[in-house]
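One letter stands for each residue in the lines below.
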Amino acid sequence: MIAVGIPADVARGIRLVSLDVDGVLTDGSFTSEVSDSAVTESRRFSVLDGLGIHLLQSAGLTVAFVSGKRSAAVEARARDLGVEEVHLDLPFGKVEAIEGMLQRNGWSWTQVAHLGDDLADLAVLERAGLPAAVANAVPEVREIADWVGEVRGGEGAVREFARALLDSRGEWAEQVRKYVEKGRRS
Ligand SMILES: [Mg+2]
């Protein structure tokens, strides 16, 4: 895996890594169980992605989960990973959710990388400085993306993207070294 397709100047400008959830952090499937009146949904996440997100954060980037679907499992995963920007169940769509983050932080769309897989991501991908797609993305999303991964959602696609982005910024090796050093001390 090499960072083909992410120019260093684009990569260095990124402040916000916005991740779609279903089909990106997962393979797109979920189980739904109904008991009494409560519905419990479960999802399967990749440990590879967890560490990829950690390395992005360690490099000073803000990582956000942006999904149209509310899910306690996704909220728990975000808490686990220290992802504070969690925008689920979006009545006004993903664009509005990201614009809120941009306004709060004084960032612009050119500083946004978004990794998506489906049509609901198109409006964001049209605006993002770095539009990116996972390997299983639908043709419309692959078409608009400047970077398309080789790994499918749920199988480490976010890790692949994190590596490509940090590598292009010249930070991957340093972040891995930092991580290894931390493990050695703890
Ligand atoms: Mg999706």
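Our structure is the block above this text.
These notes cover the structure that comes with them. (Residues numbered from 1 in each chain as written. Predicted model: local features only at pLDDT ≥ 70, side-chain atom pairs only at ≥ 80, totals over all residues. Heavy atoms only, no water.)

## Focus: the overall build of the protein chain
Under the convention used in this document: Runs of H or I in DSSP of at least four residues are treated as helices and runs of E of at least two as strands, each being numbered from the N terminus. Type-normalised accessible area, obtained with a 1.4 Å probe on protein chains alone, sets the label of each residue: buried when under 20%, exposed when over 50%, and partly exposed for intermediate values. Here a residue-residue contact requires only that any non-hydrogen atoms of the pair lie within 4.5 Å. Reported accessibility uses the Shrake-Rupley method at a 1.4 Å probe radius. Residues are deemed covered only where the shown protein chains occlude them. Charge assignment in this entry is limited to Lys and Arg as positive and Asp and Glu as negative, and neither His nor the chain termini are counted. Charge placement uses NZ in Lys and CZ in Arg. For Asp and Glu, CG and CD serve respectively.
Each helix and strand counted, the protein chain has eight helices and eight strands in total. Along the three orthogonal principal directions, the C-alpha set of the protein chain runs to about 50 × 40 × 35 Å. Counting only residues that meet the buried cut, the protein chain has 48% of its 186 residues in that class. Within the protein chain, contacts between residues at least 6 apart in sequence are counted, and of these 55% link residues at least 24 apart. Carbon and sulfur atoms make up 49% of the accessible area of the protein chain, which amounts to about 9300 Å² in all. Across the protein chain, the 21 positively charged side chains and the 29 negatively charged ones have centroids separated by 8 Å.

## Focus on a positive patch on the surface
Note the cut-off: Residues with no salt bridge and a relative accessible area higher than 30% make up the patches, which join like charges within 9 Å and nonpolar side chains (Val, Leu, Ile, Met, Phe, Trp, Tyr) within 5 Å. We define a salt bridge as a side-chain nitrogen of Lys or Arg found within 4 Å of a carboxyl oxygen belonging to Asp or Glu.
On the surface, R177, K178, K182 and R185 cluster together to form a positively charged patch. Checked against the element boundaries, K182 lands in helix 8 (residues 172-185).

## Regarding the packing of aromatic side chains
The line we're drawing: A pair of aromatic rings is counted whenever rings of Phe, Tyr or Trp (Trp by its six-membered ring) have centres within 6.5 Å, and the orientation is called stacked for planes under 30 degrees apart, edge-to-face for over 60 and tilted otherwise. Here, a charge over a ring is recorded when the distance from Lys NZ or Arg CZ to the ring centre is within 6 Å and its angle to the ring normal is within 35 degrees.
Counted by the stated rule, this structure contains one aromatic pair. A cation over an aromatic ring shows up here: R43 above the ring of F30, its NZ or CZ 4.8 Å from the ring centre.

## Remarks on the packing of helix 2 (residues 47-58) against helix 8
The test is simple: Axis definition: a line fit to C-alpha positions, over the contact stretch in the case of helices; interaxial angles, taken between N-to-C directions, run 0 to 180 degrees. Oblique is the label for any angle not under 35 degrees, not over 145, and not in the 65 to 115 range, which are roughly parallel, roughly antiparallel and roughly perpendicular in turn. Residue polarity follows a fixed list, in which Ala, Val, Leu, Ile, Met, Phe, Trp, Tyr, Cys and Pro are nonpolar, Asp, Glu, Lys and Arg are charged, and the others, Gly among them, are polar.
Two numbers describe how helix 2 lies on helix 8: the axes approach to 10 Å, and their chain directions differ by 105 degrees. Of the possible angle classes, the one that applies to helix 2 and helix 8 is roughly perpendicular. For the pair helix 2 and helix 8, the contacting residues are L51, H54, L55 and S58 in the first and W172, Q175, V176, K178, Y179 and K182 in the second. Here the contact of helix 2 with helix 8 is composed, by residue class, of five nonpolar, three polar and two charged.

## A word on the environment of R163
Position of R163 among the secondary structure elements: in helix 7 (residues 157-168). Judged by its relative accessible area of 29%, R163 is partly exposed. Sequence spacing of R163 and S42 is 121 residues, and the spatial spacing of their C-alpha atoms is 27 Å.

## A closer look at helix 7
So the rule is basically this: An expected span of 1.5 Å times one less than the residue number is assigned to each helix.
Between its terminal C-alpha atoms helix 7 stretches 17 Å, which fits the 16 Å expected from 12 residues at 1.5 Å a residue. All of the buried residues along helix 7 are A157, V158, R159, E160, F161, A162, A164, L165, L166 and S168. Downstream of helix 7 by a residue or two, G170 has a phi angle that is positive, lying close to 75 degrees.

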